[in-house]
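Structural overview
What follows is the residue order along each chain.
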Amino acid sequence: MTTEAPLANRVAIVTGGGRGLGRAMAIGLMRAGATVVSTAARERGELERVADEASAPGGIVPVVADVAKEQDCERVVATALDRFGRIDILVNNAGRGMKYVSERFMTEPTRFWETAPDAWRLIIDTNIIGPFLMTRAAVPAMLAVGWGRIVNISINAETMRRRGFSPYGPSKAALESATIIWAQDLAGSGVTVNALLPGGATNTGMIPANYPDQLRAKLLDPAIMVPPLLWLASAESDDVTGRRFIAVDWRKEQPGADAGW
């Protein structure tokens, strides 16, 4: 007798699913039984390679879309609804980091007035306007069935305040504020909104290519996000909303413990 996968028949959208945290979470959701629509702004090849890793045909569906564009967000949601008839889980992961300000941001902090306005807008548009547009497009389908999961991917509070991390830090602070407010707006609807972060520097594309190997070896593995995400995406977390979860501290024995702001 086989046990049904915990997220069987669920449909998830993971933005920024071609690499790093998004790749790990998309594969994790698929292996738990969900069908995943995975997006990237430009690199379709990355998405297709992730889809090829799926053990089930059609387990991960790649869609090229820029979350900073309203029409692209609506198209991603329409793709999920047209192909699968539902949206159960939205993971707002797509993000742009400080390397768009300077490749040397880890060693030479850029002062805010030295940041090019176009770089500032690019990061803000992706990291806070993008989640708003994606969630705005997906929520009606969740409300229609009285169940849904929205997970916003965030960063350490220390990074939000770190010198030279503007506008990346402020963009994630805004997303965490939005998480709390959206959770209140959706209270009692069956749709929950929570924040999830790794809990430390993680080995993703946001780390510069010239980052020393001895330091890179100490970075967290993106897969650390998968266990708490699967719990947040499941019916086991039905009453959990407006909370902040740190992946390195999460324990399956006490999944809702030590979360909050």
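Residues numbered from 1 in each chain as written. Predicted model: local features only at pLDDT ≥ 70, side-chain atom pairs only at ≥ 80, totals over all residues. Heavy atoms only, no water.

**Notes on the side chain of Thr110**
Rules: Put simply, DSSP H or I for four residues or longer makes a helix, DSSP E for two residues or longer makes a strand, and each gets a number counted from the N terminus. Here the term buried applies to any residue with accessible area under 20% of the maximum for its type, exposed to any over 50%, and partly exposed to those in between, with areas from a 1.4 Å probe on protein chains only. When checking whether two residues touch, look at their non-hydrogen atoms; a contact exists if any pair is within 4.5 Å.
Along the chain, Thr110 falls in the loop between strand 4 (89-92) and helix 4 (117-145). Of the residues examined, Thr110 reaches a relative accessible area of 13% and is grouped as buried. In this structure, Thr110 is in contact with Val101, Ser102, Thr115 and Gly164, ignoring residues within four places of it in sequence.

**A few points about helix 6 (residues 168-185)**
Our working rule: Under the convention used throughout, the expected extent of a helix is 1.5 Å for every residue step, that is, one less than its residue count.
The terminal C-alpha atoms of helix 6, which comprises 18 residues, lie 26 Å apart, in line with the 26 Å expected from a rise of 1.5 Å per residue. Within the sequence span of helix 6, burial applies to Tyr168, Gly169, Ser171, Lys172, Leu175, Glu176, Ala178, Thr179, Trp182 and Ala183. On its buried side, helix 6 packs onto helix 4, strand 5 (148-153), helix 5 (157-160), strand 6 (191-197) and strand 7 (244-246).

**Points about a nonpolar patch on the surface**
The condition is simple: Grouping into patches uses exposed residues only, defined as over 30% relative accessible area, and leaves out salt-bridged ones; the cut-off is 9 Å for like charges and 5 Å for nonpolar side chains (Val, Leu, Ile, Met, Phe, Trp, Tyr). Accessibility throughout is a Shrake-Rupley quantity obtained with a 1.4 Å probe, and a residue counts as covered only by protein chains that appear here. Whenever a carboxyl oxygen of Asp or Glu lies within 4 Å of a side-chain nitrogen of Lys or Arg, that contact is scored as a salt bridge.
On the surface, Phe112, Trp113 and Trp120 cluster together into a nonpolar patch covering about 390 Å² of accessible area. Within the element layout of this structure, Trp113 appears in the loop between strand 4 and helix 4. For Trp113, a relative accessible area of 55% translates into the label exposed.

**Focus: the packing of aromatic side chains**
Test applied: Here is the rule: rings of Phe, Tyr and Trp (six-membered ring for Trp) pair when centre to centre is within 6.5 Å. Planes less than 30 degrees apart are stacked, more than 60 are edge-to-face, and the remainder are tilted. Criterion for a charge above a ring: Arg CZ or Lys NZ at most 6 Å from the ring centre, at most 35 degrees from the ring normal.
Under the criterion given, the structure shown has three aromatic pairs. With centroids separated by 5.6 Å and ring planes inclined at 70 degrees, the aromatic side chains of Trp231 and Phe245 adopt a geometry described as edge-to-face. One end of the pair, Trp231, is in helix 8 (residues 226-232); the other, Phe245, is in strand 7, with 14 residues separating them in the sequence. Taken together, the aromatic side chains of Trp231, Phe245 and Trp250 make up a single cluster linked through ring pairs. If you follow Arg10 out to its NZ or CZ, it ends over the ring of Trp147, 3.8 Å from the centre.

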